[in-house]
Amino acid sequence: KDFSGYHSGISAEEVPFPEIIELNVGGQVYITRYSTLTSVPDSLLGEMFSRKSTKGLARDTKGRFFVDRDGFLFRYILDYMRDQQLVLPDHFPERGRLQREAEFFNLPELVKLLAPKISKQNSLGDDGCQSDPEDSSPGIDTARNLGSYGAASAACASLVPGSMDNKRSGFITIGYRGSYTLGRDSHTDAKFRRVARIMVCGKTSLAKEVFGETLNESRDPDRPPERYTSRYYLKFTFLEQAFDKLADAGFHMVACNSTGTCAFAHEQTDDKIWTSYTEYVFYRE
C-alpha cells in the first residue's frame, strides 16, 4: 500500500487518518488529501490532523470532521495549503474577512499576503478599495444618481472610521406571489395576500448581510459574494419581517410594482381567485 501522501513526520502505521479526508466547514463539504491538511505543520489544521488519535475532533452526523468557520472562504484557505500561494478572483471583496480566517487557522504567511498594501499616494493601496466587477450594470448606474456622493465614495466608505459601519451601497429586490379570493359582494376572504414564498434578488453579499440565517441559499448554494442572484428566498413568509430587516440594515424602498390575473372563477358562486406578483425595490446609499 502506498503511503506517500501521508505527512512525512509520522510513520504510516501511526497515522489514524485516511489518505482522503472529508470536512464539513460551516455546512460546506470539502474533500482533500491528508497531506494537504498537514502541509503547514504549525497551522491549526496541521495540528488537528497530525495527532495520534481522532478523539476530541468534532464530527457531523455523517462522520465528517466539522469546523465551525465560514464555509465559502475556506476554499481559499484550502487552496493556499495546497501550494502556499494566494490566488484570488479579480476585485475580491472579502479580503478582510479572509484575513481573519487566515488568522484563525494560524497561517501567518497568508495573513501577510492579505494585509492591505501601503502606497505613497494613499494610505491604502489598490487592494484597499476595489471596484466591483459588475459596476457597469444598470442598477449601479441608478445608484450613482440616487447617492449624493456617488458610487466611488459609497464603495470606499469603509476606509473612513465610523462611516456606514463598513456597509456597501446597493439594491435588493423583494418579490412574492400572492393570492386572494374576491366574492360576489367584492369582499375578500380571510386568506387575503396569502404568500407562498418571498424571493430575494441582488448581490449575494448584501443579501447575506441583511437576512443572515433566515436566507435560504439551497437553490444557489455556491454563488460568490461579488456576484448577483435571483434564486434566493426567505425562510419566513411575512413581508413586514423582511421590511424590518431591510430597514434595520439602512435600506429604503425606492420603487414597487405589481401585476394580477384571475386564476380561477367558481361557476356557482362567482367567486374569483386572483393571483398577483409584486416586487419591492430597496436601496442603501
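Along each chain, numbering runs from 1 in the same order as the chain's sequence is written. This being a predicted model, a pLDDT of at least 70 is required before a residue's local features are given, and a value of 80 or more before pairs of side-chain atoms are given or counted; all residues contribute to the totals for chains, interfaces and linings. Derived side-chain values reflect all non-hydrogen atoms in the structure, with water molecules and hydrogen atoms excluded from consideration.

Draft legend 1. Quick look at the environment of Arg33. In DSSP terms, a helix is any run of H or I states spanning at least four residues, a strand is any run of E spanning at least two, and both are numbered starting from the N terminus. Within the fold, Arg33 resides in strand E2 (residues 28-33). The classification of residues rests on relative accessible area computed with a 1.4 Å probe and restricted to protein chains. Under 20% of the type maximum is buried, over 50% is exposed, and intermediate values are partly exposed. The exposure class of Arg33 is partly exposed, given its relative accessible area of 40%. For the pair Arg33 and Arg82, spaced 49 residues apart in sequence, the C-alpha to C-alpha distance is 9.3 Å. Under the rule applied, a polar contact is a pair of N or O atoms within 3.5 Å (in protein, one hydrogen donor and one hydrogen acceptor; residues adjacent in sequence only if both atoms are side-chain atoms). Reaching out from Arg33, the side chain makes a polar contact with the side chain of Glu19 at a distance of 2.4 Å.

Draft legend 2. Seen up close, the pattern of salt bridges. Take a side-chain nitrogen of Lys or Arg and a carboxyl oxygen of Asp or Glu: if they are within 4 Å of each other, that pair is a salt bridge. Enumeration over the complete set of coordinates arrives at 10 salt bridges. Asp60 is the partner of Arg64 in a salt bridge, and the nearest nitrogen-oxygen pair spans 2.9 Å. The buried category is assigned to Asp60, whose relative accessible area is 16%. Arg82 is the salt-bridge partner of Asp79, the closest N and O atoms lying 2.6 Å from each other. Of this pair, Asp79 and Arg82 both sit in helix H3 (residues 74-83), 3 residues apart, roughly one helical turn. Overall, Asp79 belongs to the partly exposed group, its relative accessible area being 35%. Residue Arg82 is classed as partly exposed on the basis of its relative accessible area, which comes to 44%. Residues participating in the shared-partner salt-bridge network are Asp70, Glu94 and Arg97.

Draft legend 3. Summary view of the pairing of E2. Taken together, the 6 bridges between strand E1 (residues 20-25) and E2 define a ladder with antiparallel strand orientation. Each residue of the ladder has a partner; that of Ile21, found in E2, is Thr32. Strands pair, by our definition, only if DSSP identifies at least two bridges between them. The turn joining E1 and E2, which pair antiparallel and follow one another in sequence, is formed by 2 residues; a positive phi near 55 degrees is taken by Gly26.

Draft legend 4. Summary view of helix H8 (residues 204-211). Counted residue by residue, H8 has 6 buried out of 8 residues, so it is predominantly covered. When we look at burial in H8, the residues that qualify are Thr204, Ser205, Leu206, Ala207, Val210 and Phe211. Just downstream of H8 lies Gly212, where phi reads positive at about 55 degrees.

Draft legend 5. Geometry of the environment of Tyr277. Relative to the assigned elements, Tyr277 resides in strand E9 (residues 272-284). Through-space distance from the C-alpha of Tyr277 to that of Tyr176 is 5.8 Å; in sequence the pair is 101 residues apart. There is a polar contact of 2.9 Å between the side chain of Tyr277 and the side chain of Glu279.

Draft legend 6. Layout of the nonpolar core. Among buried residues, those of type Ala, Val, Leu, Ile, Met, Phe, Trp, Tyr and Cys that are joined through side-chain atoms within 4.5 Å constitute a nonpolar core. Within the largest apolar cluster, 31 residues are counted, with the highest numbers of intra-cluster contacts made by Leu23, Phe49, Phe74 and Ile77. Taken together, the elements giving at least two residues each to this core come down to E1, helix H1 (34-37), helix H2 (44-48), strand E3 (65-67), H3, helix H4 (95-104) and helix H5 (108-114). Per element, the largest residue contribution to this core is 6 residues, and it comes from H3. Residues within four places of Leu23 in sequence aside, it is in contact with Gln28, Val29, Tyr30, Leu37, Phe49, Arg64, Phe65 and Phe74. Contact criterion: two residues are considered in contact whenever any of their non-hydrogen atoms come within 4.5 Å of each other.

Draft legend 7. Representation of unusual backbone geometry within the structure. The residue Gln84 is not glycine, and still its phi comes out positive at about 55 degrees. Looking at where Gln84 falls in the secondary structure, it is placed in the loop between H3 and H4. Although it is not a glycine, Asn106 adopts a positive phi angle of roughly 55 degrees. By the element assignment, Asn106 lies in the loop between H4 and H5.

Draft legend 8. A nonpolar patch on the surface, seen in detail. There is a patch of nonpolar side chains on the surface, built from Ile20, Val29 and Ile31 and spanning about 260 Å² of accessible area. On the accessibility criterion, Ile31 (52% relative accessible area) is exposed. Patch membership requires more than 30% relative accessible area and the absence of a salt bridge. Residues of like charge join within 9 Å; the nonpolar side chains Val, Leu, Ile, Met, Phe, Trp and Tyr join within 5 Å. Per-residue and other accessible areas were derived by the Shrake-Rupley procedure at a 1.4 Å probe size, with only the shown protein chains allowed to occlude residues.

Draft legend 9. Spatial organisation of the packing of aromatic side chains. Between the rings of Phe, Tyr and Trp (Trp by its six-membered ring), a pair exists once the centres lie within 6.5 Å; its type follows the angle of the planes, with under 30 degrees stacked, over 60 edge-to-face, and the other angles tilted. Scanning the entire structure with this criterion turns up 13 aromatic pairs. Aromatic side chains Phe17 and Tyr34 sit 5.9 Å apart centroid to centroid with 25 degrees between the ring planes, which places their arrangement in the stacked category. In this pair, Phe17 sits in the segment before E1 while Tyr34 sits in helix H1, placing the two residues 17 residues apart along the sequence. The same class applies to Phe17 as to Tyr34, namely buried. When the ring of Phe49 is compared with that of Phe65, the centres are 5.3 Å apart and the planes differ by 90 degrees; the resulting orientation is edge-to-face. Of this pair, Phe49 sits in the loop between H2 and E3 while Phe65 sits in strand E3, placing them 16 residues apart in sequence. Within the aromatic cluster, the residues linked to one another by ring pairs are Phe17, Tyr34, Phe49 and Phe65. Look at NZ for Lys and CZ for Arg. If either is within 6 Å of the ring centre and within 35 degrees of the ring normal, a charge sits over the ring. A cation over a ring is seen here: Arg197 above Tyr233, with NZ or CZ 3.9 Å from the ring centre. The ring of Phe72 has Lys208 lying over it, and the distance from NZ or CZ to the ring centre is 5.9 Å.

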